[in-house]
Structures are given as C-alpha cells and as structure tokens.
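Secondary and tertiary structure notes
Here are the chains, one letter per residue:
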Amino acid sequence: MKRINVTKTFLPPIEEYQSYLDSIWSSSQLTNQGPLLLEFEEKTKEYLGLKNLQAVANGTLALQLAIRALDLGEGEIITTPFSYVATTSAILWEHFTPVFVDIDRTNFCLDANKIERAITDKTKAIMPVHVFGLPCNVEEIDQIAKKHNLKVIYDGAHAFGVKYRGKSLLDYGDISTCSFHATKLFHTIEGGAAISNNEEINRKVDLQKRFGHHGDEHIMLGINAKLTEFQAAMGLCNLKYIDENINKRKQLYNLYSKLLAGRFEVPTISADTIYNYGYYPVLAENEKQLTQLIDKLGHKEIYPRRYFYPSLNNLPYIDKRQKCPVSEDIASRIMCLPLYADLEEQSVEEICEALK
Ligand SMILES: *Cc1c(COP(=O)(O)O)cnc(C)c1O
C-alpha cells in the first residue's frame, strides 16, 4: 500500500505554473511588489470577499507584523494553548508575555468565558486562533476587548475560505492573519497574509514588511517579510482550484463522518459557518488509546498527526507554568486523520476500517 500522510500538498498542472514563469522571465521582476504579487492580492481579496489583504512571507511573520502594527508597547497577550507553536512563539519573539487561557471543549478555541479573569493591568491584546478553521466566539471576544480597551489579533492560519455569519472569518478583529504554507489548505509554497480594515494598521504592515522605508525616506523599523513573484504565481495557480479542492475535501470529510459515526468525539460545525474542510480531527478516549490507534495505522502506512500536541502552556521555554486542563486533556488525545483533495475514497474506507 502507498504511504498516506495527514496531508499532501496540492500542485497545479505544471504548464500553468510554467506560463507564469515565462511572464517572470519577460518582466525580470522576481520580488518587491511585482505584477504577480499585486494580481495575487487582488484575486485573493476577491475570492475571500475582503476589502484589504497584504501578502507576506509566511504566517508567522504575519503574526509578528500584526503585533508590531498595533503599537502595543509591552506587556501581556492573552492567547490559546491549543494551536501550532508559531502562535506562542510569535508573541515571545516580539517580547510579549503569553498568558494562556483555557479552551472551549466544543470548538477547541479560546474560551471567551475565561478571558476576563486573566486580564491584568499589563494585558494589551487577545490573540485567539480559529483552530482547524472552527470559528472562535468572535462576538463575545469583541465585546470583552472593547470593554477592556484591548486589541484583537486573530491567528486565522487555518481559516482560508471559512465564512462565518455571512462574511470571511478573516474579516474579524483588529487584524487577522493567514498562513499559505504548503501544508495548509491553500498555499503559495511558503506565505501568509495580514488582513485589517484599519488604514493605519495596514499602512504600518505595508511599511514594516519591506524594511520600513520608501526610497530614501526611512519611516519606521521594518523587516523583510515579502512574498516573491514565484510564490505569488503558485498562489494564482492554486486559486483556480481552491473551490474544487474544498469540494473534494467536503466529500471525504462527510465520508469519514458517515463511516465513523458515533465512534469518536468530533467538533461540531455551527450552522452559521461555511466550513473549509481543512482538517478532520478526532478525539480518542485517552492518550493510551490514541497512541495505540496511531501505532495500528502506522503498520498500514497511514500517518495521522497529533495536531496539536503538546498544549503550548507546557512548552519548555515558558517560564511561568499556567494550568489549562481542558487544552491539556484535548491535546493528549486528539489526532487529525488524513485529508486532502486527491485522497481516494477507498483510502478513507481503509483508514476507517483500520480504526475500527
Ligand atoms: C501554520 C501555522 C502558523 C504559521 O504559519 P507559517 O506560514 O508556517 O509560518 C501559525 N499559526 C497556526 C495556527 C498554524 O497552523
């Protein structure tokens, strides 16, 4: 049997990428706000129904630029322990202290009911994650932020194409970010984006992502977070297939749900969400059962992943230990099953058979 991983990067027909390479060869512009980058930003905005979007080098720098663009000074950022490590590392890299608030059992996102008791006079922002593309309780979070004069940065790394209450899930908060990494639903090889409807924030992200200057006029401290023409070209190719890919994932997702009905706890997708079918997470009864299942599948060359493990409050470089029992419990027994556009239905059947 062929090895099946948790995900497989979608690649467009090579001729379509080649035709963009031809255009790069004729313009000789490889990076720096080139024509393909601008076209990619326009088409992505159009696809997602967003007014603003800036493409950047990756989803991690998008988070760092988001923190910078909000001018938060110094202090604490309330965040979720149930995410990929980049959510926490971006906070630390920008010299803020992450304060972990536990997650909600139903959507695995930051529990809005527990945010207020974690707010101190040092709190500057809240950075929740729409983990697996499942929407956070955005209204409650927004209300709490307004009441306490805090900024909200959504890590929307998994939220590409998700719609919540009629608009893109990336259109919430003071600023949202996305990742276009090759392992994500939609990719530009490496890449990411920052999305905000605040002009001043957008101006800062724009300057900071390209060294903070226009010509000889140096305006603010910047960094290099540019997306190249080659990456924009990949994005343009992939945009053409995104609806088809989401649709294929949806069929497979529904097949998993049918075949595994009642066997595992799975998150529920609320009625006001149009989901992107980015992940198929399942919860085992406990960590022992989880590792047994992973072993069993491994013998058949099927490789699910323990997304997300460990719970980030237990990272070795977090000094102040903070307990997050729900996140620690979920992280200890969750895995994502293989899900990608050209996974065969027969493979899903085999995976479900093996799990049973
Ligand atoms: C992938 C990911 C990131 C980082 O994105 P990169 O593009 O890989 O830098 C950040 N947050 C979450 C939740 C992610 O899954």
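Numbering of residues starts from 1 in every chain and runs along the sequence as written. In keeping with the model being predicted, local features are shown solely for residues with a pLDDT of at least 70 and side-chain atom pairs are shown and tallied solely at 80 or more, while totals for entire chains, interfaces and linings include all residues. Processing note: side-chain calculations cover all non-hydrogen atoms of the structure and skip hydrogens and water entirely.

Here we come to the pairing of strand 6 (residues 151–155). Across a regular strand the side chains alternate sides, sitting on one face of the sheet and then on the other. Three labels apply to residues, based on accessible area from a 1.4 Å probe with only protein chains included: buried if under 20% of the type maximum, exposed if over 50%, partly exposed otherwise in between. Put simply, DSSP H or I for four residues or longer makes a helix, DSSP E for two residues or longer makes a strand, and each gets a number counted from the N terminus. Of all 5 residues that make up strand 6, 4 are buried, and the element is covered over most of its length. Of the strand pairs in this sheet, strand 5 (residues 123–127) and strand 6 are connected by 2 bridges, and their pairing is parallel. In the sheet register, I126 faces strand 6, and the bridge partner there is V152. Handedness rule for crossovers: strands pointing away from the viewer, path from the first strand over the helix to the second running clockwise, crossover right-handed. For the handedness criterion, the β-α-β arrangement of strand 5, helix 5 (residues 138–148) and strand 6 is classed as right-handed. By definition, two strands form a pair when at least two bridges between them are found by DSSP. By the bridge criterion, 3 bridges tie strand 6 to strand 9 (residues 175–179) in an arrangement that is parallel. Among the inter-strand pairings, I153 is bridged to a residue of strand 9, identified as I175.

The next subject is the site of the ligand. The full set close to the ligand counts 15 residues, and G59, T60, H158, S179 and K184 are the nearest of them. Under this definition, polar contacts are N or O atom pairs within 3.5 Å; protein pairs additionally need one hydrogen-donor-capable and one acceptor-capable atom, and for neighbouring residues in sequence, both atoms have to be side-chain atoms. In this structure, an oxygen atom belonging to the ligand sits 2.6 Å away from a side-chain N or O atom of T60. Protein coverage of the free-state accessible area of the ligand, which is 380 Å², stands at 92%. Those elements that place two or more of their residues in the shell around the ligand are helix 3 (59–69) and helix 4 (85–93). Whether a residue is near a molecule or strand depends on its heavy atoms: it is near if one of them lies within 4 Å of it. In these tables, accessible area is a Shrake-Rupley quantity obtained with a 1.4 Å probe, and a residue counts as shielded only by the protein chains included in the view.

Glancing now at the domain arrangement of the protein. Domain annotation of the protein identifies domain 1 (14–239) and domain 2 (240–355). Taking only C-alpha atoms, the centre of domain 1 and the centre of domain 2 are 24 Å apart. On the side of domain 2, 38 residues touch domain 1, which itself brings 40 residues to the contact. For any pair of parts, buried area is found by adding up, for both, the accessible area (1.4 Å probe) each one loses once the two are put together. Between domain 1 and domain 2, the buried area comes to about 3400 Å², and carbon and sulfur atoms account for 63% of it. Each salt bridge in this description consists of a side-chain nitrogen of Lys or Arg and a carboxyl oxygen of Asp or Glu lying within 4 Å of one another. Here domain 1 and domain 2 share 3 salt bridges between them. The residue D272 makes a salt bridge to R165 at a minimum N-O spacing of 2.9 Å. Put simply, domain 1 and domain 2 have 20 residue pairs in polar contact (both at pLDDT 80 or more) between them. Secondary structure elements with two or more residues in the side of domain 1 that touches domain 2: helix 4, strand 4 (97–100), strand 7 (163–164) and helix 7 (229–239). Counting residues per element, the side of domain 1 that touches domain 2 draws most heavily on helix 7, which supplies 4 residues. Split by residue class, the side of domain 1 that touches domain 2 holds 25 nonpolar, 8 polar and 7 charged. Domains are outlined according to an automatic or database domain assignment. Contacts are assigned to residue pairs with any non-hydrogen atoms lying within 4.5 Å of each other. Each residue gets one of three labels, nonpolar for Ala, Val, Leu, Ile, Met, Phe, Trp, Tyr, Cys and Pro, charged for Asp, Glu, Lys and Arg, and polar for the others, Gly among them.

The subject of this paragraph is the environment of T291. Mapped onto the secondary structure, T291 falls in helix 9 (residues 287–299). Through-space distance from the C-alpha of T291 to that of M335 is 9.7 Å; in sequence the pair is 44 residues apart. Reaching out from T291, the side chain makes a polar contact with the backbone oxygen of K288 at a distance of 3.0 Å.

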